[in-house]
Amino acid sequence: ALYRSHYPRIYRFLYRLTQSGDEAEDLAQETFVKLYRCRENSTLPENPTAWLFKVAANACYSHLRQTRRRRELVEDERSHQHFPPGPTSRHNVEDEFMEKEKRLRVQRAMQKLPLKDRMILELFRTGLPYGDIARILELKASSVSKKLFRARKKLVFELKTGDAL
């Protein structure tokens, strides 16, 4: 039940950080294997959602730290699964194109941010409460708001000044 209810969110979180469907899938599977092992030992986490995101964030951080390579932005069909196709009138096609361009600009700008900033923005985007974000990123609960504000500020700066425009 935890797998079915949390896998899509964990996968999207990892995909946004890695920009690779295969890597996100591998890291998500690794996350749920760790949960399965906890279940075998009868030590299920008290807050499974926060625990899953923490394990996924740590796995992603380790993976990206080990590979230490920059990737070019690759548009993957999976990244657009959560955006339903709209009507096909000329006006809507233009709107759809503009929305796609905005998403690509934000993705490019996000990739320029430090990993910790991307993680806090993505965790916030998933709707997790500040307390869970603090536990996942091993921060003081009181500093989540400040770090989130700074990460947003860096993102806006990249959008305004970076070649993401």
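Every value quoted in this text rests on a predicted model; they were computed, and no experiment measured them. (Residues numbered from 1 in each chain as written. Predicted model: local features only at pLDDT ≥ 70, side-chain atom pairs only at ≥ 80, totals over all residues. Heavy atoms only, no water.)

Some details on the environment of Met110
Alright, step 1. Turning to its location among the elements, Met110 is positioned in helix α4 (residues 90-112).
Alright, step 2. Assessed through its relative accessible area of 8%, Met110 is described here as buried.
Alright, step 3. Linking Met110 and Val156, residues 46 residues apart in sequence, is a C-alpha distance of 9.7 Å.
Alright, step 4. Apart from the residues lying within four places of it in its own chain, the contact partners of Met110 are Arg118, Leu121, Glu122 and Leu155. (Helix = DSSP H or I, 4+ residues; strand = E, 2+ residues; numbered from the N terminus. Buried < 20%, exposed > 50% of the residue type's maximum accessible area, 1.4 Å probe, protein only. Contact = heavy atoms within 4.5 Å.)

Points about the environment of Arg65
Alright, step 1. Mapped onto the elements of the fold, Arg65 is located in helix α3 (residues 48-67).
Alright, step 2. A C-alpha to C-alpha distance of 9.5 Å links Arg65 and Leu115, two positions 50 residues apart in sequence.

Some points on the packing of aromatic side chains
Alright, step 1. Applying the stated criterion across every chain yields a total of seven aromatic pairs.
Alright, step 2. With a centroid separation of 6.2 Å and an interplanar angle of 20°, the aromatic rings of Tyr7 and Tyr11 are classed as stacked. Taken together, the positions of Tyr7 and Tyr11, both in helix α1 (residues 2-18) and four residues apart, correspond to about one turn of that helix. Here Tyr7 and Tyr11 have matching classes, each one buried.
Alright, step 3. Geometrically, the ring pair formed by Tyr7 and Phe32 is tilted, given 5.9 Å between the ring centres and 45° between the ring planes. (Phe/Tyr/Trp six-rings, centres within 6.5 Å; stacked < 30°, edge-to-face > 60°.)

Functional significance is not addressed by these values, which are geometric in nature.
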